[in-house]
Number of protein chains: 4
Amino acid sequence: MKKTGFVFHELYTWHDTGNYAGFLAPGFPLQPGLHNENPETKRRFNNLLVASGLSNRLTPIEPREATEEEIMLFHTPDYVRKVKALSDGEGGDAGELTHVGKGSYEIAKLSAGGVIEAVNAVMSGKCDNAYALVRPPGHHADADTGRGFCIFGNVVIAARYALKHLNTKKIAVVDWDVHHGNGTETAFYNDPNVLTISLHQDNWYPQGRGLVADVGEGDGEGYNINLPLPPGSGVGAYKAAFERVVAPALRTFQPDLIFVASGFDASAFDPLGRQMMHSRGYAELTKIVMDAADDVCGGKIVMCHEGGYSAYYVPFCGLAVLEQLSGVNSGVEDPYLDFAAGMAKQDLQPAQNDLISEVESICQKYRLI
Amino acid sequence: MKKTGFVFHELYTWHDTGNYAGFLAPGFPLQPGLHNENPETKRRFNNLLVASGLSNRLTPIEPREATEEEIMLFHTPDYVRKVKALSDGEGGDAGELTHVGKGSYEIAKLSAGGVIEAVNAVMSGKCDNAYALVRPPGHHADADTGRGFCIFGNVVIAARYALKHLNTKKIAVVDWDVHHGNGTETAFYNDPNVLTISLHQDNWYPQGRGLVADVGEGDGEGYNINLPLPPGSGVGAYKAAFERVVAPALRTFQPDLIFVASGFDASAFDPLGRQMMHSRGYAELTKIVMDAADDVCGGKIVMCHEGGYSAYYVPFCGLAVLEQLSGVNSGVEDPYLDFAAGMAKQDLQPAQNDLISEVESICQKYRLI
Amino acid sequence: MKKTGFVFHELYTWHDTGNYAGFLAPGFPLQPGLHNENPETKRRFNNLLVASGLSNRLTPIEPREATEEEIMLFHTPDYVRKVKALSDGEGGDAGELTHVGKGSYEIAKLSAGGVIEAVNAVMSGKCDNAYALVRPPGHHADADTGRGFCIFGNVVIAARYALKHLNTKKIAVVDWDVHHGNGTETAFYNDPNVLTISLHQDNWYPQGRGLVADVGEGDGEGYNINLPLPPGSGVGAYKAAFERVVAPALRTFQPDLIFVASGFDASAFDPLGRQMMHSRGYAELTKIVMDAADDVCGGKIVMCHEGGYSAYYVPFCGLAVLEQLSGVNSGVEDPYLDFAAGMAKQDLQPAQNDLISEVESICQKYRLI
Amino acid sequence: MKKTGFVFHELYTWHDTGNYAGFLAPGFPLQPGLHNENPETKRRFNNLLVASGLSNRLTPIEPREATEEEIMLFHTPDYVRKVKALSDGEGGDAGELTHVGKGSYEIAKLSAGGVIEAVNAVMSGKCDNAYALVRPPGHHADADTGRGFCIFGNVVIAARYALKHLNTKKIAVVDWDVHHGNGTETAFYNDPNVLTISLHQDNWYPQGRGLVADVGEGDGEGYNINLPLPPGSGVGAYKAAFERVVAPALRTFQPDLIFVASGFDASAFDPLGRQMMHSRGYAELTKIVMDAADDVCGGKIVMCHEGGYSAYYVPFCGLAVLEQLSGVNSGVEDPYLDFAAGMAKQDLQPAQNDLISEVESICQKYRLI
Ligand SMILES: [Zn+2]
Ligand SMILES: [Zn+2]
Ligand SMILES: [Zn+2]
Ligand SMILES: [Zn+2]
């Protein structure tokens, strides 16, 4: 049993992403509709934790708004001002596919601040590990622009906070969201103290990013790993990638703290990914990261919620991860598991194996594994 | 330019599938939610046809309720009675994952009758081809039970109607819905006059069905083709399958009428499929079928709507198919196309090629291609 | 039997009013929610007409976008530019409680143009009367600002169009929307050729408007009638007001064309009104107006849809009105009627009678009745 | 400052009321829609308490499922079995307008048990007073049938529990829900130890109930008060009724515990009521009851949530009541207050005064005031 912190705030679900048609702003030929990144995709995750009773076994961590100074650990003053102006006005797009509603500025600061507080709780020993169910997400945001539903780079901000304010020298970020963690990669591309690893569906979003060859630059060369898995990858591919690349790299790199950018949009029922992960698979990946964390940093893991657009399946993936993190069995079984697990090609396929082998070679070149 | 018939009825969107959590009935641990097969997934398809002006260029075909006798061209009297009883009462499940709401019996008959009228329009020459945007869908329904959101087997009923009442000797059914067309396969498994071809994601739904080895039985041996594409298949795989298997088989079989069981759940944004089709891809598949139809049966195609669960993307897939069927350009461009087309592995992959080659061999064995 | 025109357009339901919490823009302490003036409140009205078969008995009138010149028959160029700018940009508020979404400018022009075409159809004799189910609504809009969900003043524009372009000398506007028809009143306040009559809940929206004493000014003095009915007024009050004030005034005024600003928010189930009208009541009011119209202007009535926020009850009110206008019985009975009709105090109450008597006196003073 | 208990449970919002069209089951001519009694009408109330920070100032009371024995303090075994059977099966109607979904039986027991635990907390002195935000509601349920969205009579059960198990000799129930508290009235109609007072819109639901003349029978004669306020009644009427009837009767009757059956469907924006209450008005009524409770029973009040169908306005009414109960100022102002307060006839009207006077006479006859 671990003492697992949990961050959530009612206002996370009040961030208004408008009546997008999926992920595009409405307006002919796009009929207004339901935004993929709507509150229910997050709220129902928390709902299931509460209804199952697991919430009572977790340690609540109260989020706070990150200060402007903390936000500017990553973002430019101009961009922060822009978001604030949109939020104080009628709302609008913060860059690319990133709706800011009225009051979203404060909620976005509360999102970043939630991850900071999770870091404080874990680094101070108040918790063994933590999950921050924050919204809006962050891993696509760049220093000077919002992208892909992400206003502020929650993980980047919290990582820089830890490097600056806490006794943290080295940090690893493992991003299992189905999309490339471009914002995090860019932020730390030249930084040898932050190892960034992104598993994502090959060339989905942002297009042109997340290549195997993007290994970091300057001092950071060798400290960025991309695993652009082909579409249709299942639990076998993810586990192989974690066992052969992620875990060994973590053990080599020896971070003081491990972030997981935890999108559940690689699940078998996600509209914005083509992968086939399921709840048990996510628990297994969690176990792999936990074992590595136990070895290198006393188990210190902060998971930060990112994407995940199946309002009905995200909750079961999230529950499984939190059961694993905390060692508590909620007694709830995932009713979708058999459907997802039964899909063909859940085991590692040759093309997936080839990709992982290619990444292994690169990691070996940089003596990461 | 073709004269393309179009079936739709307001009541198709009144079929009540309840507050399912995705595809499972609510009840702890499943919070009530939005059914994957909710009315908007079909209504918005029609909305875009209307808003774009394309509707005005199509020939409306008025649906009618199929008679009980027509329904029993496929279904058992006991099952028909069961559906009617549920529909007249409080509703309930017609078998497996198939909610019947109050009044769904009449709507299901209207759905089957819509396809019958589309067949009448095409076989009588009133239209060159037709698209029946009906609901509930049909291709999973068995003679004695509902399955997978399907109450009555619309295509099976309409095909048997055509064989019995119209001058139709041989029929082909091409099912590009991402799930296996098990109901249609079973109905015609021993029938050499109906060639059934299903392209589907390997072993998804129903699990254990849709194997390459399932080639028909008795007189029907060699008249059933399954193409269980691996997850992650894109436009390249679909086009190869159509060019190398579907089109040659149609040309060999020489049907008098071709049905397309048209689910758009193989699209790149569908929650219930892991494939990567897009609007232009569907237009290209349509073109391949149209060319074959022109060669063998005067272009007679009846497309019958099946699945497709992306409320925002189904409309653009549907619009593209109807533009292709009718030869009319609506002027609307698919704003999601670049996102879908840009995903890696849209071209034919080795594992996909292997599967298609395997099916080619079987078809050659049966002299279908 | 009358030949009744009907205006509707799919795009009317694409006007995006955002995730308001009722009628206020979201932002703490207002959780994003469902706008009272959401598309379903109009779409379901049309849905029931279609599903009941009544649509087939009406004469469809194709709407077109009103030209900017036509819009400026009422609105200032600055305001038109403002709406266009919001619509071309990220959207925003056009004044007071009036969200403009992306593309709402074109839809608002289509709304105004729909009423113009209804007028053309009726004045040309193509139809005997007409109902324009348009959206966004119009009766609160002022020349230089949007108000109360209304972007452009559809009735004002269409009335001025008729006065300018058609053989129409005098027009009456009867506004039975539960809110005051302030935009229409203001537009014609000095105009003796347009008689404006508004029945509304006393001092609801806009507050401070719709007083009995507001009788018009200058040449228009005596040509504006306000009937600010107390909250809780039922069918008895409405019928008395129509019989004792509206019909006599119409007969005295002798308009060439009668508009009805037809909000159904005075219904017994409306969240934004406190009155108790029901479907049969609306049919009776319609009959009273039709009889007067038959006497004075050959039955020429154009009803223009305004408010009405009960997504489930507006359809039955609308169906009843269209049955009355057309003389066609759809066979559908209102399942809510007994509930509404059974509420106490549906008959004329003393305080309601007093108000009507007061208005009668004023009308007599101006020799309107 | 009072110590105010608060009952809520995530599962209250999982009770599935189906896709009703308002309050009627779907099926032609009723298009499926949104049930008036949908989860958001309750969830958003709790959301605002949480978001405003008020929740942190309340004492959480953990609900539990009432036992079958406790449920049968009111309900017949046959009815309990019927509800369980529907809940274990496909769901259905428990009587009249009362949908039971899968698993609703357990949730309904949790609702009743929540009120029981609120009573335990208040009677034991753990809290000064309490609000039970439970769902499904209860005040329409009869011993042997569900009615009006109510499965089990939460207040009746909790009151009988208190009479049987706690040191409670006399109980008063004040029902300010806009509909008649028929279930509670019937349960205690012959019981002189339970004073039942219902304020409701005259003859709305259930029709034919809630007459002034219904004063109780047998030993209970004189212990039931009905105040059937006319539609359109505002804060003035409610305050007069509370000051002139409710408070004096409470002081005379001297209960050991006061229940408030707290529906917020008398609010100015409710679709299922025609009254004009607002948040400040509810706070004032609360104050009147609190003052009486301080005088007679040490302030012991248990409020039990009933109806209230404005998803956006119920939260502000509820917040105001909880601020009053607890003496805590959340700092949140009701943004709808000016709209509601500005409606004409918010002050006591003659017809309302007459009704209250009539009830005063009856109460005087029975020496209740
Ligand atoms: Zn993602
Ligand atoms: Zn399918
Ligand atoms: Zn209105
Ligand atoms: Zn009520």
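Residues numbered from 1 in each chain as written. Chains lettered and ligands numbered in written order. Predicted model: local features only at pLDDT ≥ 70, side-chain atom pairs only at ≥ 80, totals over all residues. Heavy atoms only, no water.

- Per an unreviewed UniProt entry, chain A is named Class II histone deacetylase, and its organism is Emcibacter nanhaiensis.

## Digging into the overall build of chain A
So, step 1. When helices and strands are counted, chain A shows 11 helices and 12 strands.
So, step 2. Over its C-alpha trace chain A gives a radius of gyration of 19 Å, about what one expects of a compact globule, namely 21 Å for 369 residues.
So, step 3. Dimensions along the principal axes, computed over C-alpha positions, put chain A at roughly 50 × 45 × 45 Å.
So, step 4. Relative to its 369 residues, chain A shows a buried fraction of 71%.
So, step 5. Considering only contacts within chain A whose residues lie at least 6 apart along the sequence, 78% involve residues at least 24 apart.
So, step 6. Accessible area for chain A stands at about 10,600 Å²; split by element, carbon and sulfur atoms hold 47% of it.
So, step 7. Taking the average location of the 30 positive side-chain charges in chain A and that of its 45 negative ones, the two points are 4 Å from each other. (Helix = DSSP H or I, 4+ residues; strand = E, 2+ residues; numbered from the N terminus. Rg over C-alpha atoms; globule rule 2.2 N^0.38 Å. Buried < 20%, exposed > 50% of the residue type's maximum accessible area, 1.4 Å probe, protein only. Contact = heavy atoms within 4.5 Å. Areas by Shrake-Rupley, 256 points an atom, 1.4 Å probe, with all protein chains shown as cover. Lys, Arg positive; Asp, Glu negative; His and termini not counted. Charge placed at Lys NZ, Arg CZ, Asp CG, Glu CD.)

## Thoughts on the relation of the copies chain C and chain D
So, step 1. For the pair chain C and chain D, the superposition axis carries a translation of 0.0 Å, the fit reaches an RMSD of 0.0 Å, and the rotation angle comes to 180 degrees. What the superposition gives is, in effect, a two-fold axis relating one chain to the other.
So, step 2. Here 100% of the interface residues in chain C have copies in chain D that are interface residues too; the copies meet face to matching face. (Least-squares fit on C-alpha atoms with pLDDT ≥ 70 in both.)

## Here's the deal with the relation of the copies chain D and chain A
So, step 1. Between chain D and chain A, the superposition needs a rotation of 180 degrees and an axial shift of 0.0 Å, giving an RMSD of 0.0 Å.
So, step 2. Both copies present the same face, since 100% of the interface residues in chain D are matched by interface residues at the equivalent positions in chain A.

## Observations concerning the pairing of strand β11 (residues 257-262) of chain A
Working note: regular strand, side chains alternate between the two faces of the sheet.
Residue and element names in this part refer to chain A.
So, step 1. With 6 of its 6 residues buried, β11 lies for the most part within the structure.
So, step 2. Of the two faces of β11, both are covered, the one formed by Leu 257, Phe 259 and Ala 261 as well as the one formed by Ile 258, Val 260 and Ser 262.
So, step 3. Note that strand β8 (residues 171-175) and β11 share 5 bridges and pair parallel. Bridge pairing in β11 links Ile 171 to Leu 257.
So, step 4. Judged from the 5 bridges that link them, β11 and strand β12 (residues 301-305) form a sheet pairing that is parallel. Across the sheet, residue Ser 262 finds its bridge partner in β12, namely His 305.
So, step 5. Handedness of the crossover is the feature at issue here: the chain leaves β11, passes through helix α8 (residues 279-297), returns alongside β12, and the resulting connection is right-handed. (Pairing = 2+ DSSP bridges. Right-handed = clockwise from strand over helix to strand, strands pointing away.)

## Re the interface of chain C and chain D
So, step 1. At the interface, 47 residues of chain C touch 47 residues of chain D.
So, step 2. Summing both partners gives a buried area of about 3,700 Å² for chain C against chain D, and 63% of it is carried by carbon and sulfur.
So, step 3. When the buried surface of chain C facing chain D is broken down by residue, Arg 44, Arg 274 and Phe 339 of chain C rank first, second and third, together holding 17% of it.
So, step 4. Across the contact surface, chain C and chain D share 0 salt bridges. (Buried area = accessible area lost by both parts, 1.4 Å probe. Salt bridge = Lys/Arg side-chain N within 4 Å of Asp/Glu carboxyl O.)

## Structural notes on the pattern of salt bridges
All names here are of chain A.
So, step 1. Taken as a whole and assessed by the stated rule, the structure comprises 68 salt bridges over all chains.
So, step 2. In this structure, Arg 147 engages Glu 96 in a salt bridge whose closest nitrogen and oxygen atoms are separated by 3.4 Å. Taken together, the residues span a long stretch of sequence, with Arg 147 in strand β7 (residues 146-147) and Glu 96 in strand β4 (residues 95-96) at a distance of 51 residues.
So, step 3. Judged by relative accessible area, Glu 96 falls into the partly exposed class, the value being 32%.

## A word on the environment of Gln 201 of chain D
So, step 1. If you trace the backbone, Gln 201 of chain D turns up in strand β9 (residues 194-201).
So, step 2. Using a relative accessible area of 1% as the deciding quantity, one classes Gln 201 of chain D as buried.
So, step 3. A sequence separation of 46 residues divides Gln 201 of chain D from Val 155 of chain D, and the C-alpha atoms of the two residues are 20 Å apart.
So, step 4. Excluding anything up to four places from it in sequence, Gln 201 of chain D contacts Met 276 and Met 343 of chain C together with Val 178, Leu 229, Pro 231, Gly 273, Arg 274 and Gln 275 of chain D.

## A few points about the sheet that holds strand β10 (residues 224-229) of chain D
Residue and element names in this part refer to chain D.
So, step 1. Strand order in the open sheet formed by 8 strands is β2-β1-β6-β12-β11-β8-β9-β10, and the pairing between neighbours is parallel. Only two strands of the sheet have a single neighbouring strand rather than two, namely β2 (59-61) and β10. The sheet shows a mean angle of 15 degrees between the axes of neighbouring strands, taken without regard to direction.
So, step 2. Of the strands in this sheet, β1 (4-7), β6 (129-132) and β12 (301-305) touch helix α9 (residues 314-326), which is tilted by about 165 degrees from β6. (Axes fitted to C-alpha atoms, helices over the stretch in contact; angles between N-to-C directions.)

## Describing the coordination of the zinc ion (ligand 4)
All names here are of chain D.
So, step 1. Distances from the zinc ion (ligand 4) to its protein donors, Asp 177 (OD), Asp 177 (OD), His 179 (ND1) and Asp 265 (OD), fall within 2.0 to 2.6 Å.
So, step 2. Here the zinc ion (ligand 4) is ringed by 4 donor atoms whose angles at the metal span 55 to 154 degrees, and the overall shape comes out irregular.
So, step 3. In terms of primary sequence, the donors binding the zinc ion (ligand 4) are separated according to D-x1-H-x85-D. (Donors = N, O, S within 2.8 Å, 3.2 Å for Na, K, Ca; no water. Tetrahedral: all angles 85-135°; square planar, octahedral: opposite > 155°, others 65-115°.)

## Considering the coordination of the zinc ion (ligand 3)
Coordination angles at a metal have ideal targets, namely 109.5 degrees for four tetrahedral donors and 90 or 180 degrees for six octahedral donors.
Residues and elements named next belong to chain C.
So, step 1. Taken together, the protein donors to the zinc ion (ligand 3) comprise Asp 177 (OD), Asp 177 (OD), His 179 (ND1) and Asp 265 (OD), at separations of 2.0 to 2.6 Å.
So, step 2. Of note is the zinc ion (ligand 3), whose 4 donor atoms meet at the metal with angles of 54 to 153 degrees in an arrangement that counts as irregular.
So, step 3. Site description for the zinc ion (ligand 3): donor spacing in sequence, D-x1-H-x85-D. You'll find Asp 177 and His 179 in the same group, each marked buried.

## Some words on helix α9 (residues 314-326) of chain A
Quick reminder: α-helices carry 3.6 residues per turn. Residues three or four places apart thus point the same way.
All names here are of chain A.
So, step 1. Relative to the 18 Å expected for 13 residues at 1.5 Å per residue, α9 spans 18 Å between its end C-alpha atoms, a close match to the ideal helical length.
So, step 2. Turning to α9, its buried residues number three or more, namely Val 314, Pro 315, Phe 316, Cys 317, Gly 318, Leu 319, Ala 320, Val 321, Leu 322, Glu 323, Leu 325 and Ser 326.
So, step 3. The inward-facing, buried residues of α9 abut β1 (4-7), α1 (40-52), β6 (129-132), α8 and β12.
So, step 4. One or two residues past the end of α9 sits Gly 327, with phi positive at roughly 75 degrees. (Expected span 1.5 Å × (residues − 1).)

## Overview of the interface of chain D and chain A
It is common to give the size of an interface as the accessible area lost on bringing the parts into contact.
So, step 1. The partner chain A presents 8 residues to the 8 residues of chain D that form the contact.
So, step 2. Where chain D touches chain A, the interface holds 0 salt bridges.
So, step 3. Inspection of the chain D/chain A interface yields 4 residue pairs in polar contact (both at pLDDT 80 or more).
So, step 4. Class assignment for the residues of the side of chain D that touches chain A results in 5 nonpolar, 1 polar and 2 charged. (Polar contact = N/O pair within 3.5 Å; in protein donor to acceptor, adjacent residues only side chain to side chain. Nonpolar A, V, L, I, M, F, W, Y, C, P; charged D, E, K, R; others polar.)

## Details of the packing of helix α7 (residues 235-253) of chain B against helix α11 (residues 350-365) of chain B
All names here are of chain B.
So, step 1. Where α7 meets α11, the axes come as close as 10 Å, and the angle between the chain directions of the two elements is 15 degrees. The orientation of α7 with respect to α11, classified from their angle, is roughly parallel. With respect to the hand of their crossing, α7 and α11 are arranged in right-handed fashion. Each of Ala 237, Ala 240, Ala 241, Arg 244 and Val 245 in α7 lies in contact with α11, whose residues at this interface are Gln 352, Asn 353, Ile 356, Ser 357, Val 359, Glu 360 and Cys 363. (Parallel < 35°, antiparallel > 145°, perpendicular 65-115°, else oblique. Left-handed = near helix turned anticlockwise from the far one by under 90°.)

## A look at the pairing of β1 of chain D
All names here are of chain D.
So, step 1. Here β1 shows no split at all, with Thr 4 and Phe 6 on one side and Gly 5 and Val 7 on the other all buried.
So, step 2. By the bridge criterion, 3 bridges tie β1 to β2 in an arrangement that is parallel. Each residue of the ladder has a partner; that of Phe 6, found in β2, is Pro 60.
So, step 3. Each parallel crossover has a hand, and for β1 linked through helix α1 (residues 40-52) to β2 it is right-handed.

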